[in-house]
Amino acid sequence: MRKSGKLAEWSVYITVVEEGSFSQAATKLGISVSSVSKQIMRLEEGLNTQLINRDTHSFELTDAGKVAYDRATIVIEMMNDLVFKLRNPSQVIEGSIKLTAPAMVCEFLANFWVEEYTQKNKYVSVFLESRESSQFTKESSAFDHIVLKSGMIGSEDLIHRELSPLRLSLCASSAYLQRAGTPKHPSELYNHQILSLYHHGLPDTFEFIKNEERFLFEFRKKSGSTTDNLLGNLNLMTQGKGISLATSGFLSRYGKHFPEVVTILDEWTIPPVPVYLVWRQRKFYSPLFKDFVAFISEKWNRRESSFD
């Protein structure tokens, strides 16, 4: 009986846990499912303990498996950091990293940021993933890299770097307003087709503020469809399907890019949505990770200038 698992077996184990299945881990690692299974079995034999309860359809970590994952990720990260520093003593920015962001951001901003970053750093590859804020849990593997999202997830394992908040505008196409009329007060929104949004960080009730006057609009009492996709709402709005209550300010304020879009109730303000860069807490950060976080933070905080 071996005394402990090999480092490669621990890496396979971590991948299995993070991918949620042996087959997905095998695909990510570029090896067969049977190879993954054998390495996990050898690891368990070497430790003389079971890490995973598994059947033909799913698996569940044992208590020992949960402890093993938490500690092993730290050790593997330390080893990767050591190898990187030995191979790269000058701390050149290189490697691969993933950025996850809402579809709207990926479509209009982040795709350009990623292209710019990889042009400046020839030894870096970046994977841009589209996912809405409502689709995350604290266990989401996206937090192993970097996530740009609204709203916080309560977890001691996650780091939240607050960025400039997302300003919101009420928008509709000129064609819709010509057909349905332009509301002059938030109360008149109840007479219109509202493109509702289910999004983490947005309240059930929108508060409109104008000087000393406040008006609460309970938009989820309206009938109609609801989506968690900002980009989907934008497309419906530009096609004259209704009024969007939560159009990102960096889009609505630059009419030359969206000539068919009209902002309404401009004299009223809506409290902005908090935005964060989020990642899983770790003891060691590569030069790429630290540089990419700083780059994305600056790009987001200066995003509106990119539309001038």
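Since the structure is predicted, the reported quantities are computational estimates derived from the model, not experimental observations.

Caption draft 1: Structural context of the side chain of Ser-297. For Ser-297, the position within the fold is in helix α9 (residues 287-301). For Ser-297, a relative accessible area of 7% translates into the label buried. At 3.3 Å, the side chain of Ser-297 and the side chain of Arg-161 are in polar contact. For Ser-297, the residues in contact, after removing those within four places along its chain, are Arg-161, Leu-163 and Leu-277.

Caption draft 2: Structural detail: the pattern of salt bridges. One pass over the full model with this rule turns up eight salt bridges. Arg-280 is the salt-bridge partner of Asp-144, the closest N and O atoms lying 2.8 Å from each other. Of this pair, Asp-144 sits in the loop between β4 (124-130) and β5 (146-150) while Arg-280 is found in strand β14 (residues 273-280), placing the two residues 136 residues apart along the sequence. For the residue pair Asp-144 and Arg-280, the accessibility class agrees, reading buried in each case. Via salt bridges that share partners, Lys-98, Glu-129 and Arg-131 belong to a single interconnected network.

Caption draft 3: Representation of the packing of aromatic side chains in the model. Counting across every chain of the model gives five aromatic pairs. Geometrically, the ring pair formed by Trp-10 and Tyr-13 is edge-to-face, given 6.0 Å between the ring centres and 85 degrees between the ring planes. Note that Trp-10 and Tyr-13 are positioned in helix α1 (residues 7-19) at a spacing of three residues, about one turn of the helix. The buried category is assigned to Tyr-13, whose relative accessible area is 0%. Measuring from ring centre to ring centre gives 4.4 Å for Tyr-190 and Phe-217, while their planes differ by 50 degrees; the resulting arrangement is tilted.

Caption draft 4: Representation of the nonpolar core within the structure. Of all hydrophobic cores here, the largest spans 45 residues; its most connected members are Trp-113, Leu-148, Leu-189, Phe-208, Phe-292 and Trp-300. In terms of nonpolar packing, the next biggest core, distinct from the first, is built from 19 residues, Trp-10, Val-36, Leu-61 and Tyr-69 among them.

Caption draft 5: Up close: the environment of Asn-191. Within the fold, Asn-191 resides in the loop between α6 (174-180) and β8 (194-197). On the basis of relative accessible area, Asn-191 is assigned to the exposed category, the value being 67%. Remark: the alpha-carbon pair of Asn-191 and Ala-180, spanning 11 residues in sequence, is separated by 9.0 Å.

Cut-offs and rules
Residues numbered from 1 in each chain as written. Predicted model: local features only at pLDDT ≥ 70, side-chain atom pairs only at ≥ 80, totals over all residues. Heavy atoms only, no water. Helix = DSSP H or I, 4+ residues; strand = E, 2+ residues; numbered from the N terminus. Buried < 20%, exposed > 50% of the residue type's maximum accessible area, 1.4 Å probe, protein only. Polar contact = N/O pair within 3.5 Å; in protein donor to acceptor, adjacent residues only side chain to side chain. Contact = heavy atoms within 4.5 Å. Salt bridge = Lys/Arg side-chain N within 4 Å of Asp/Glu carboxyl O. Phe/Tyr/Trp six-rings, centres within 6.5 Å; stacked < 30°, edge-to-face > 60°. Core = buried A, V, L, I, M, F, W, Y, C linked by side-chain atoms within 4.5 Å.

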